[in-house]
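# Chains, contacts and geometry: an overview
Given next are the chains, with one letter for each unit.
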Amino acid sequence: SAVNWGSAACALAILPVFFYRNSFAYYYVVMLAPLAVLVAAGADFVFTSIRRAAPNHVAPWVAVGLTLSLALAAQTIAHGLQLSAPRQDQQKRLVAGVHAMFPNPVPYIDHSGMISSFPKANLFMTNWGMERYAKAGKGFAREALTRRRAPLLLENRAELRIGTPAFGLLLPEDRALIKHFYLPYWGPVRVAGVHQMITAGVAQRVELPFHGDWRLRSPYSVTVDGRRIAPGDVFAVGAARDRTAATDGFPSVEVAVPPDQPVPHAAFSVIWAGARPPPPGPEPRPIRYDPL
């Protein structure tokens, strides 16, 4: 019948949700139209079947029970949506904070393009995307650093948050580069940089994520390629260093503790100088998208 064909068409429109794992909220909005028709057709079929199968004095009570069940389900969904409001507030604060710290678009690593005006430098991290990433065995962090010079990483998926079990799903090289070259900055925001201990009296070569301007965050002064750098100062590492860098493509500088510093060792901690100070107030929570 026409009703059966219409129901089949509506069901077919919903079918992709069971196998197309790159779908997110933008798909479910479009899906609501055929779903509403399918629910109406299904309700009519159920109530007609009840009237045919159940005695006349029982059918109304069955219908009432089903109606109450649907009402409770709707109430549960509405309550869940209310609980998600703080989550959306956290997302809005995170997006606003990123734009405040990075007023100009920069390449970045994240789950699925949360900052739409910024160029994404890694894969689309749905379950399907992660499955293809694991099968291919090709990492993304090295290219994001050496070619895209991405100074920003958002821990908006468990796989990108250091210390979670899901972080172990990344390839070993990606885990190592993220740990070494992206430093905690503000909540789930990490910024390109490096943190390494330097022993007094011994010059040490330190690799940086990519060439550019870097700000010293250490509490003590250090010398970088013979130039004294005070806390908060910015120094530049030119693109010409890339040609003389090691085979992995990361530029390096020679760092030492000045003789007048009364410390046996000091932390050489630098951050990408283009990142502005974090906004005031509490930091947003670390994960904005959970794996499906």
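Here the structure is a predicted model, which means the values were calculated and not measured.

## A word on the overall build of the chain
Scanning the chain for helices and strands turns up seven helices and eleven strands. Here the analysis covers contacts within the chain between residues at least 6 apart in sequence; of these, 66% occur between residues at least 24 apart. Of the roughly 16200 Å² of accessible surface on the chain, 63% is carried by carbon and sulfur atoms.

## Observations concerning the pattern of salt bridges
What the rule picks out here adds up to seven salt bridges. Taking the shortest distance from any N to any O, the salt bridge between K120 and D110 comes out at 2.9 Å. Of this pair, K120 sits in the loop between β1 (108-109) and α5 (127-136) while D110 sits in the loop between β1 and α5; the two residues are ten residues apart in sequence, bridging distant segments of the chain. On the basis of relative accessible area, K120 is assigned to the partly exposed category, the value being 21%. Of the residues examined, D110 reaches a relative accessible area of 0% and is grouped as buried. Note that R190 and E155 form a salt bridge whose closest N and O atoms lie 2.7 Å from each other. Residue R190 is located in strand β4 (residues 189-199), and its partner E155 is located in the loop between β2 (152-154) and α7 (172-181); the two are separated by 35 residues in the primary sequence. Note on E155: relative accessible area 6%, which makes it buried.

## Brief notes about the packing of aromatic side chains
Per the stated rule, a full pass over the model turns up six aromatic pairs. Arranged with centres 6.1 Å apart and planes meeting at 80°, the rings of Y108 and F118 form a pair that is edge-to-face. With Y108 in strand β1 and F118 in the loop between β1 and α5, this residue pair connects regions lying ten residues apart in the sequence. Residue classification places F118 among the buried positions, given a relative accessible area of 5%.

## Quick look at the sheet that holds strand β5 (residues 204-207)
Read from one edge to the other, the open sheet built from four strands follows the order β5-β10-β7-β8, with strand pairing classed as antiparallel. Two strands close off the open sheet at either side, each with one partner strand: β5 and β8 (227-229). On average, adjacent strands in this sheet sit at an angle of 40° to one another, irrespective of strand direction. One ladder, built from four bridges, connects β5 with strand β10 (residues 252-256); its direction is antiparallel.

## Regarding the layout of surface pockets
Quantified by volume, the second largest pocket comes out at close to 230 Å³. As for the second largest pocket, its lining consists of A121, N122, L123, R132, Y133, A136, K138, G139, F140, E143, A144 and R148. Mapped onto the lining of the second largest pocket, the elements with two or more residues apiece are α5 and α6 (141-146). Residues of the lining of the second largest pocket, tallied by class, amount to six nonpolar, two polar and four charged.

## A word on unusual backbone geometry
Phi is positive for R149, close to 55°, though the residue is something other than glycine. Looking at the element boundaries, R149 is found in the loop between α6 and β2. Classification of R149 by relative accessible area gives partly exposed; the value is 33%.

## Considerations on the side chain of T126
Looking at the secondary structure, you find T126 in the loop between β1 and α5. Looking at T126, its side chain comes within polar contact range of the main-chain nitrogen of G129, at 3.0 Å.

## Here we look at the environment of A176
Its place among the elements puts A176 in helix α7. By relative accessible area, A176 is classed as partly exposed at 45%. Measuring from C-alpha to C-alpha, the distance between A176 and A141 comes to 9.2 Å, with 35 residues separating the pair along the chain.

Parameters at a glance
- Residues numbered from 1 in each chain as written.
- Predicted model: local features only at pLDDT ≥ 70, side-chain atom pairs only at ≥ 80, totals over all residues.
- Heavy atoms only, no water.
- Helix = DSSP H or I, 4+ residues; strand = E, 2+ residues; numbered from the N terminus.
- Contact = heavy atoms within 4.5 Å.
- Areas by Shrake-Rupley, 256 points an atom, 1.4 Å probe, with all protein chains shown as cover.
- Salt bridge = Lys/Arg side-chain N within 4 Å of Asp/Glu carboxyl O.
- Buried < 20%, exposed > 50% of the residue type's maximum accessible area, 1.4 Å probe, protein only.
- Phe/Tyr/Trp six-rings, centres within 6.5 Å; stacked < 30°, edge-to-face > 60°.
- Pairing = 2+ DSSP bridges.
- Axes fitted to C-alpha atoms, helices over the stretch in contact; angles between N-to-C directions.
- 1 Å grid on protein atoms, 1.4 Å probe; cavity = no way out; pocket = protein on both sides within 12 Å on 5 of 7 lines; lining within 4 Å.
- Points joined across faces, edges and corners; volume = space filled by probe spheres on them.
- Nonpolar A, V, L, I, M, F, W, Y, C, P; charged D, E, K, R; others polar.
- Polar contact = N/O pair within 3.5 Å; in protein donor to acceptor, adjacent residues only side chain to side chain.

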